[in-house]
Structures are given as structure tokens and as C-alpha cells.
Amino acid sequence: MSNLRTLSIHLNSIEFVDEDALSSLLLLESIDLSHNKIIRLASRTFQRTPNVKSIDLSNNHLHSVSDGLFANLRELRELLLSGNNILELTMNAFIGSPNIQVIYMQQNSLRFIESGVFNTLRNLSEIRLSENFLRILPQDIFRYNARLTSISLDGNLLTKVVPGTFNSCKDLRELRLQNNQITTIPSGVLERLGLLEEVHLENNRLSLIQGLGSLASLRYVSLSRNHIERVMAELLPSVDLNSLSLGNNFIHVIEDGAFSNQTTLSVLFLANNKLTHLGAKVFYGLRNLARLHLQKNNISWIHEEALNGHTKAVQYIDLSYNALRTLHKNLFRTLEHIGEINLSHNEIMSVEEGTFTHLQSLRIIDLSYNRLVSLDYTAQFHAVGLEILKICCNTLQQFRVRPSKINPSRGSQASSTTSSGGSAKQQQHVIGLQELDLRKNQLGASTLKHVELPKLRVLQVCGNNLTEFDEATLAGFPALNYFTAEGCQISSLPSDVFRQNPHLAVIRLSENALTWIPDTIFHNSPKSNGVGASGGKEISNSNNFNLRELHLRQNRLRNIPYRALVNVTNLEVQIGRASCRERV
């Protein structure tokens, strides 16, 4: 035992350690007594282990650090005391261990730290004092800790930080002050931290922050969940930030040019504030911005030039949960890289023609939970680019898709074709939409009969009025794979209603008024064999239908339609009041 280098007795129920228990282990380098029930350690406990480099006493029941407990441990580098009930640190807590580099004391009950307790720890590089009950720090607490690179004081009860507290920490890279009750960061707290790269100030009560502009090495700052009311250039650091969070504040004004120095910013989070309008120059300078989060404000007006020319690189915009009623047709004009726009949960009543038609990179747009009454897909969206369109929970009564023409001579990917002795000057777009969400509107089955979307794979029309559901309703969706029409008042299904949809794998028709399912509804479905002589697709009959799931619960069926279900693997049916789920 005298040659033992590592001692690990963690995850036991040890309550007491005799002060001579380690006296014969002179070569010991690592001691792990974590996750026990130790309440107190005598000051002589480690006196006979001069070579120890790491002591782990975390997750015990210690109430204090005895004076001299770590005395004469000149090789000690790492001291882990987190997860105890230590109430205070007094002057002699770490006396005699001058080479400690790491101290973890998070999740204790610290209420008081005596001035000078860390004075002898000239090599200290990281200290964690998070999740304690500290209300104030001595101004000279880190006066002799010039090598500190990380300080964690988050999750305490701090109401202020005294100027000069960190002045000696010239090597500091990371400062965590989040989850406190700090109201201001006055001048003199941050200015001398020239190497600081991360500062966490979220979830405080900050209304004034000074000194961020002098931090030349700063790369990350979080100011969310504070009491900031106004964003101005002086508030923000003038450095190469990648991400900036100002969400969950009380911001109601963003001054023109507030972000003029944020030329490298990629993500800007302004959600959950009090913004009501966005001026023409509000985002000036954000030329590399990729993601803009503005959800859950009260924005009712956006200047048509707010985004144009300033945020050309933006790929994602979230404007959901605001008070927008109209969108200027030029609002997104220059956003050539935009891939997704979320405008859900607003009060938009109409979309001007051409608002989105020029956005060739746009793949997803969400207009759910607005007040739209009619929508002309071809006039308002880019026919080829858009893949997912969500318009659920509006008051749509009309949804139109008109054939779209392009002119090959204007740079289109289409080429001229020759027919009946002449070259065509225009060729029809192939509309690329793959998912369409029209749930909970006021659409009738007749609307779907006049829509042709050859690439559509997912169609959701739950909560509409599809009482006139017939063989022509889904004829315009030959690639359809997933179809849901629950709660649509459908009372009957023609035997050939799915003839034009041979790729259907999932059909959800629950909560309707169906009393029977035709025996041949999924038989002899057509499949395309290619292009016929007339230019259209040749169709041949096949018994091989691809259906895998059919959901029919809460209808009026009295019998399970076994004959109709040849290849179905998942079936939900409600017969009377009893619900059953079967595999066929």
C-alpha cells in the first residue's frame, strides 16, 4: 500500500475519515472520495500526502473547509469541492497549497467569501463558484490571480459587480455572470479584460451595460433575459461576433445603425421583446447575417427597405407571433439566399402579388395562423423553388394554382421546343412544391379539383369542408404519398377516388361520417409507364397498391372493410363507440 498512487473510494456511504487514515500513503497522487456522506474533515487529514495532485471531495455533506486542511500540499493542482453544503470560505482555507490551478465549488451554500482567500493561489487558472448564495464579492477577491482564464459566478444572488473586481485578471478568456440579479455593469468592470472571448450576462436585471465596446477579443456575448429597453451602438461590442442574443428583454427601440459594427454577425436573436416597428436602417451593417429571430414581439409595420441591401446573406427569418397585417411586396426583394421564412401567428389578411416570386432559394414558408382568405400560388410564390408551404389555420376559401410560363430567352433553365412548324417562345414551369398544409381553413373539395401539383408528396387538408369528395378531388396530385383529411365531413368515397395516386402510403380519414369503404377502392390503381405518343403519361392498371397505413377512427363504419385492405399494415377503425386497431 505504501506505493499506492491512486485511491478511489467514491460512491459509498463514508461519513467519517480518520485523520491518520492516509498517513502511510506518502506517494499518493490522486484521491477520490466523491459521492459519500462526509460531513467534516480534520485539518491533519492530508498532511502525510505531500505528493497529491488531485483531491475530489465533491458531492459530500461538508459544511466548511477547515483552516490548514490543504496545508503543505505544494503539488496540489486540482481541488473539487462542488455539491457540498459549504457556507463560507475564510482566509486560511487554501493556505499552504500555492500551486492549485483549478477549484470547483459550484452547488454549495456559500454566502460569504473573506477578502484575500485566494491571495496565495498565484497559479489559479479556473474557478467555479456557480449556484451558491453569494450577494456581494470583495473588490480585491482576485487581486493576485493574474493567470485566471475562466471565472464562473453564475446562479448566485449578486446584485452588482464593483468596478475593479477583475482588473488583475489579464488572461481572462471566459466570464460567467448569468442567472444573478445584477442591475448594471458600470464602467471599470470589463474594460481591462483585453483577452476576454466569452461573457455571459443573460438572465439578470441589466438595463445598463458599459465596457463591451472595449473588448477587442470578444467572440460571444449573451444579453438575453434582462431589462434592456433600447439597443444602440454604444451598448454592443465593436468586434467580430458570430452570435448575439438580445432575446427576452424589454426592447422597444433599435436605433438606426445600432448594428453597424456587427459586420461578421451570423445569428441575431431579438425574440420576446416589445418591438412594434422596424425602420429602414435598423439592420444596417449586418452584411453576413444568416439567421434573424424576431418572433414574439408586437411588430405591426416593417419598412420596405429594412432588410434590403443590409442583410443580403440572410437564410432564415422568423417573424412569427407578431401583429403583421400586411407585407410590402418589396420587403424581401434582395434576399437571394433566403431559404426559410416563418410568418405564422400574425394577422396577415393578404399577400401582394410578387411578394415571394423572385426568391429562387426559398424552400419553406409558414403562413399558418393568419387571416388569409384567398391565395394564388403562382402569383405569389416562386414556382420551381418552394418545397414546403404551410397555410393552416387561416380562413382560406380559395387556393389557386395557375399554369406558369417562362421565357427561355430570359435565362430560364427551360429550352424552346418545336411543335407544328414553329418554336415555342414559352414553356410551362414544373411546380416543385412537395408539402402543402391547408388544415383548418374553409376550403371545399371543388378547390382541390382545380389544383395541379405534380411533385406534391404530402397534402394535409384536415378541418375543411370536403363533403363533395369525388374521383376528381385528388387527380392533380399524382406523386402523393401522404394524405390527411380528418374532420372534413366526408360521408362517402367513390371507388376510383385514389386512381390517380398510386404512390399513396398513408391515408388519414378519421373523424368523418363514412359508413362504408368500397371493396375496390385500392384495387387496379394506375401506374405510369412513361410518356405516350400524345405527350402525356401512359397509365397501366396494377393490383400492387402501395398503401401502408389507413386511419379511419371515429367514423360510422359498422364493419372492418377487409376486402378493400389488401396491403394495409396499420389500420385504425372505430365501430360504433368502440375503437379498434388491427393489422391486416
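Residues numbered from 1 in each chain as written. Predicted model: local features only at pLDDT ≥ 70, side-chain atom pairs only at ≥ 80, totals over all residues. Heavy atoms only, no water.

Here we take up the pattern of salt bridges. Two side chains carrying opposite charge are able to pair once their charged atoms lie near each other. Evaluation of the coordinates by the stated rule reveals 14 salt bridges. We note a salt bridge from arginine 439 to aspartate 437, for which the minimum N-O separation is 2.7 Å. Residue classification places arginine 439 among the partly exposed residues on the basis of a relative accessible area of 30%. (Salt bridge = Lys/Arg side-chain N within 4 Å of Asp/Glu carboxyl O. Buried < 20%, exposed > 50% of the residue type's maximum accessible area, 1.4 Å probe, protein only.)

Before going further, it helps to spend a moment on the side chain of serine 82. Among the secondary structure elements, serine 82 is positioned in the loop between β4 (78-80) and β5 (88-89). Once residues lying within four places of it in the same chain are set aside, the contact partners of serine 82 are Ser58, Asn59, Tyr104, Met105, Gln106, Gln107 and Asn108. (Helix = DSSP H or I, 4+ residues; strand = E, 2+ residues; numbered from the N terminus. Contact = heavy atoms within 4.5 Å.)

So, about the confidence of the model for the protein chain. Chain-level statistics for the protein chain give a pLDDT mean of 88 and a share of 88% at 70 or above. Every residue in residues 525-543 scores below 50 in pLDDT, and together they form 33 contacts with partners more than four places removed in sequence or on other chains. Note that pLDDT drops below 50 for residues 574-584; the model gives that stretch 28 contacts with residues more than four away or on any other chain. (pLDDT = per-residue confidence, 0-100.)

This next bit is on the packing of aromatic side chains. Tallying each qualifying case throughout the model produces nine aromatic pairs. Here phenylalanine 259 and phenylalanine 283 contribute two aromatic rings whose centre-to-centre distance is 6.5 Å and whose plane-to-plane angle is 20°, an arrangement assigned as stacked. Taken together, the residues span a long stretch of sequence, with phenylalanine 259 in the loop between β17 (253-254) and β18 (267-269) and phenylalanine 283 in the loop between β19 (277-278) and β20 (291-293) at a distance of 24 residues. Comparing phenylalanine 259 with phenylalanine 283 shows no difference in burial state: the two are buried. Feature note: the residues Phe94, Phe118, Phe142 and Phe166 constitute an aromatic cluster, connected by ring pairs. Taking the ring centre of tyrosine 316 as reference, the NZ or CZ of arginine 291 above it sits at 4.1 Å. (Phe/Tyr/Trp six-rings, centres within 6.5 Å; stacked < 30°, edge-to-face > 60°. Lys NZ or Arg CZ within 6 Å of the ring centre and 35° of its normal.)

All right, on to the environment of leucine 27 then. With respect to the helices and strands, the residue leucine 27 is situated in the loop between β1 (6-8) and β2 (30-32). Using a relative accessible area of 30% as the deciding quantity, one classes leucine 27 as partly exposed. Between the alpha carbons of leucine 27 and valine 52 there is a distance of 7.5 Å; along the sequence they are 25 residues apart.

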